[in-house]
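Reading the structure
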Amino acid sequence: LLKRQGHDVVGVHMSNWDHAEEGTDGECAEREREDARRVCERLGIGFHAVSFVREYWSDVFEPFVAGIARGATLNPDVACNRHIKFDRFTAHALALGADWAATGHYARVAHSEAG
């Protein structure tokens, strides 16, 4: 949508979890990153990948685990939005030269007769 409106757009994929450190396969995360890269290629826009693994661990995951241990019912997505998406991710986008940061996390999908 932004590209159609004439904006200069780049895609940024962020990684928030270290699968190797956790001893898990990471294949899904790599597939997601590659999917994002292919979408950018198809749209004719640049692609950047950034890791917020340490920040996610300290600002989202550790407080979530501590809250659960205290008996709290927490939603880690709220902390992720506050600390990662709308803080560090946005700062990263601005550092790349962006005027704004837009996410496609919650996208409305419309289908035409052609599919």
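Residues numbered from 1 in each chain as written. Predicted model: local features only at pLDDT ≥ 70, side-chain atom pairs only at ≥ 80, totals over all residues. Heavy atoms only, no water.

**Re the overall build of the protein chain**
Tallying secondary structure elements over the protein chain gives four helices and two strands in all. Reading the protein chain from its N end, one meets helices and strands in the order β-α-α-β-α-α. For the protein chain, buried positions account for 17% of its 115 residues. Restricting to contacts in the protein chain with at least 6 residues of sequence separation, those with at least 24 account for 62%. Total accessible area on the protein chain stands at roughly 8800 Å², and carbon and sulfur atoms take up 53% of it. (Helix = DSSP H or I, 4+ residues; strand = E, 2+ residues; numbered from the N terminus. Buried < 20%, exposed > 50% of the residue type's maximum accessible area, 1.4 Å probe, protein only. Contact = heavy atoms within 4.5 Å. Areas by Shrake-Rupley, 256 points an atom, 1.4 Å probe, with all protein chains shown as cover.)

**Quick notes on the nonpolar core**
Inside soluble globular proteins, nonpolar side chains tend to come together where they are buried. Judged by nonpolar contacts, Val50, Phe52, Tyr56, Val60, Ala79, Cys80, Ile84 and Phe89 together constitute the single largest core of eight residues. Mapped onto this core, the elements with two or more residues apiece are helix H3 (53-69) and helix H4 (76-95). The contacts of Phe52, once residues within four sequence positions are left out, are Met14, Ser15, Asn16, Ile84, Arg88, Phe89 and His92. (Core = buried A, V, L, I, M, F, W, Y, C linked by side-chain atoms within 4.5 Å.)

**Quick look at the packing of aromatic side chains**
Taken as a whole, this structure holds four aromatic pairs when the rule is applied. Ring geometry for Trp17 against Phe61: centres 5.0 Å apart, planes inclined by 80 degrees, an arrangement best described as edge-to-face. Of the two residues, Trp17 sits in the loop between strand S1 (10-15) and helix H1 (19-22) while Phe61 sits in helix H3, which places them 44 residues apart along the sequence. We classify Phe61 as partly exposed; its relative accessible area is 25%. Each residue in the set Trp17, Tyr56, Trp57 and Phe61 is aromatic and connected to the rest through ring pairs, giving one cluster. (Phe/Tyr/Trp six-rings, centres within 6.5 Å; stacked < 30°, edge-to-face > 60°.)

**Here's the deal with the confidence of the model for the protein chain**
For the protein chain, mean pLDDT is 87; residues scoring 70 or higher make up 90% of the total. For the protein chain, per-element mean pLDDT is lowest for H1, which scores 71, and highest for H3, which scores 96. (pLDDT = per-residue confidence, 0-100.)

**Focus: the side chain of Lys85**
Tracing the chain through its elements places Lys85 in helix H4. No salt bridge is formed by the buried Lys85, whose closest oppositely charged neighbour, Asp77, lies at an N-O distance of 8.5 Å. Polar contacts involving the side chain of Lys85 include one to the side chain of Asn81, which spans 3.4 Å. (Lys, Arg positive; Asp, Glu negative; His and termini not counted. Salt bridge = Lys/Arg side-chain N within 4 Å of Asp/Glu carboxyl O. Polar contact = N/O pair within 3.5 Å; in protein donor to acceptor, adjacent residues only side chain to side chain.)

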